[in-house]
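As a plain string of letters, each chain reads:
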Amino acid sequence: MANNFQPHQYLRRYLIALAILWTALITFSIFWNFKQARKEVLSMAKAAAVHAFQKDVLYRRWAASHGGVYAPVSKLTPPNPYLSNIPERDVVTSSGRRLTLINPASMSREVYNMAKAQYGQYGFQSHITSLRPLRPENAPDPWERRALKQFARGGRADVFSVVQRRGSSFLRYMHALKVKQSCLKCHAAQGYKLGDTRGGISISVPLKEFYAIQAWQYRPFIAFHLLIWLVGIAALFFGGSKMVKLLSRQEEMAGKLLESEERFRRLLEYAPVPMVMINNDGAIDFINQKIVSTFGYRRQDIPNLDKFWFRVCPDADERRQSMGRWQSIIDEARAGNREIKAAEYHLTCLDGSRRIVRVYGTVLADVSILVFNDITRVVEAEKEKKHLEEQLRQAQKMEAIGTLAGGIAHDFNNILTAILGFTSLAIDEKNSSGELDSYLHEVLAASNRARELVRQILTFSRQHEQQLQPLQIQFVCKEALKFLRSTIPATVEIKQNINAQCPPVLADPTQIYQVIINLCANAYHAMRDGGTLVVSLDTVEGVEYELACKFHLEQGLFVRLTVADTGPGIPSDVRERIFEPYFTTKVQGEGTGLGLAVVHGVVTRCHGAVKVESTLGRGTTFAVYLPVLPEEYIIDDEEPAVGPAVKVKLTGHERILLAEDNPGVLKLQKKILSNLGYEVVGCRDGLQAFELFRQTPEQFDLLCTDMTMPRMTGAELAAAVLKIRPAIPVVLCTGFSELINEEKAREIGIAWYLMKPVSRELLAQTIRNALDG
């Protein structure tokens, strides 16, 4: 994350500024001390000049106090023409030597010339001068003239300055000469009086040697300053580097901390669960977006806990309980391991909706972080799960009942087989009286009704994939009404108005059967104390516009199935939900809430529609609309008539292998076939029949076997027999079995399949047809 504030960069600038300042201080110190040293050098040079002047003045005074000195006359010291006014200028000694008077000025000049001759122009030089010199060589130069004029004005008695001359530096010093009593001997003629400034002595001191001494003395000083400068720079560099590194590390850590805080803030802000931060004073410092999207509240809506509980728990009693539970949990967390235990609350959102929330979190030093986990759907799903489990248990009960019904059907069909068969044999007996014959016919009719009832139960309970096919619903309606008449009490009158000419529709027969049963069962439950159930089937042209839009129907010809009752009717609020799965108004244990949902699903898959009309106190009518199948999709499976029926001879003399584990059925079928002239060999199980057949396979003309037998089933027996003699005809009889059906039987090679109970005529006809091929 970019950060414009970088203190280590400012520190670098400060360090550079300090280095520059330190360098400037050292440089200033060097130059200041150099100037001070230079002043000292000039002071020393001036002192030397002053000493030279004082020395000159001393020997001049000495000479003047003695009236001058005499020296032998020579080329270097000829008589001074400017002293001609002095009678004693020239004298001769007793030895005859000639001497001439040397006054102080001449003596000074001679000495100065001697020094100049010996040390040259770069050594100490002195010059006696005056504004009114007697000798031309004593005339002043410009610097001396300015000094003399300053003396004449009564200024200072001496002046000095540094001048450059021929590339060298000189200290020029000049001091005024005052007229003394001894001076008047030579200079009175010039008009000087006692105390006048008659001139001065100029001394030029070469500074080269002084500078050299200064330079030699100054080197250690410069070296010391340079050392101090280096130490200071090194201290700044190393100390600054350490500080820069320290600040850089601190900045890096601060940057990482800021990035971490930003990531943490973004994590909280965009966390997939609602989160809240609360300080120890109860103020809400932060809420994330999920809180806003889940509950609708913004931070300004719930600035603190009191306002929060007031908004999310409008009911005072509920709010008091929730706040008390929350306070105990937060106190326990602060006193313990800082963990806020999860607790469930029922909270009200900004839009008034209610949510079930599990709140948990942790307590930090100054804030508490809370997570609001919305478990509304989880709780609802748990309730739904419990409801589904209850439905599953109910379905398992129904499945168990269905399984039990299959077993009962198998045994019951065997019983019916014996009843039907022996009744038929009893009717055929010659000694039957008319009254007994009537009784036996009643038994036979009742047995046939029982057989039909079992067949309808098995048809209704069978589960299979949806198989849409051209279907004439009127036949399914009649079958369903037969079943319902046997199950609905006589207190409910059943009326039917079935149009036998209704065109076919595209539907699954079993599912349409279930639709009729479900609608009629609902109607019966609404009229337990009695009433009228009316089932109608007709053809209509088109449906209502609203119904067509709701079920996305195209207008055309429809078959309409109507089921009406005279019950109490359905309230409007209930009528809106009757097609929802598991919705029921019945008491627990009387219904699953799936009946009308199944009706709606079946009708929708058939591209139809279902409509309900109800008036309280007058009854309810359900209307099912199914589109008529276009004629080009209808296949005529009816075979043309072949003339008048021909009576087929049912007797025979073939040898039949009969396998049946039920003794009564075995005795019955053996008796029926024997009466028809067949030679019958009976076996009590499949394995016994197979062993008998394997010994003499050519001795038998037909195998007639039951399906469910011990040791070897009928299907296994048929497969084994057909493996030995593939051409032998096989007839399979079964009361009920989930292991075999007509299609599976044909796959094995069984051409004839009968469902018990089997009448004498059907058994005789099937055996004869099988033998005749």
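Here is a short report on the structure shown in this document. (Residues numbered from 1 in each chain as written. Predicted model: local features only at pLDDT ≥ 70, side-chain atom pairs only at ≥ 80, totals over all residues. Heavy atoms only, no water.)

## Concerning the packing of helix α17 (residues 686-695) against helix α18 (residues 714-724)
Next up, step 1: For the pair α17 and α18, the least separation of the axes is 10 Å and the interaxial angle reads 10°. What the angle tells us is that α17 and α18 run roughly parallel. From α17, G686, A689, F690, F693 and R694 reach across to α18, where they touch L717, A720, V721 and I724.
Next up, step 2: Counted by class, the contact of α17 with α18 contains seven nonpolar, one polar and one charged residues. (Axes fitted to C-alpha atoms, helices over the stretch in contact; angles between N-to-C directions. Helix = DSSP H or I, 4+ residues; strand = E, 2+ residues; numbered from the N terminus. Parallel < 35°, antiparallel > 145°, perpendicular 65-115°, else oblique. Contact = heavy atoms within 4.5 Å. Nonpolar A, V, L, I, M, F, W, Y, C, P; charged D, E, K, R; others polar.)

## Brief notes about the pattern of salt bridges
One side chain can pair with another of opposite charge once the charged atoms of both are near each other.
Next up, step 1: Under the criterion given, the structure shown has 21 salt bridges.
Next up, step 2: Of the charged contacts, one joins R746 and E742 as a salt bridge, the two residues approaching to 3.2 Å between their closest N and O atoms. Placement of both R746 and E742 in helix α19 (residues 742-748) is noted, with a separation of four residues, approximately one turn of the helix.
Next up, step 3: In this structure E742 comes out as partly exposed when scored by relative accessible area, which is 40%.
Next up, step 4: Three or more residues joined by partner-sharing salt bridges are found here, namely D141, E144 and R172. (Salt bridge = Lys/Arg side-chain N within 4 Å of Asp/Glu carboxyl O. Buried < 20%, exposed > 50% of the residue type's maximum accessible area, 1.4 Å probe, protein only.)

## Things to note about the sheet that holds strand β9 (residues 284-287)
Next up, step 1: Taken together, five strands build an open sheet; the order of strands is β9-β8-β12-β11-β10 and the sheet is antiparallel. Strands with a single pairing partner mark the edges of an open sheet, and in this sheet they are β9 and β10 (339-348). The sheet shows a mean angle of 25° between the axes of neighbouring strands, direction not considered.
Next up, step 2: The strands touched by helix α8 (residues 316-335) are β10, β11 (354-363) and β12 (367-374); relative to β10, the strand with the most contacts, the crossing angle is about 165°. (Pairing = 2+ DSSP bridges.)

## Observations regarding the state of the cysteines
Next up, step 1: Applying the stated rule across the entire model yields zero disulfides.
Next up, step 2: Here C520 is not cross-linked by a disulfide; its sulfur's nearest cysteine counterpart is in C477, at 8.4 Å.
Next up, step 3: Residue C520 is classed as buried on the basis of its relative accessible area of 0%. (Disulfide = S-S within 2.5 Å.)

## Regarding the pairing of strand β22 (residues 702-706)
Next up, step 1: Burial analysis of β22 places five of its five residues in the buried class, the great majority of the element.
Next up, step 2: Of the two faces of β22, both are covered, the one formed by L702, C704 and D706 as well as the one formed by L703 and T705.
Next up, step 3: Of the strand pairs in this sheet, strand β20 (residues 655-659) and β22 are connected by four bridges, and their pairing is parallel. The residue of β22 that forms the bridge with L657 is L703.
Next up, step 4: Bridging between β22 and strand β23 (residues 730-734) involves four bridges; their strand directions are parallel. Note on β23: the bridge partner recorded for C704 is V731.

Keep in mind that these numbers describe shape and distance, not what the molecule does.
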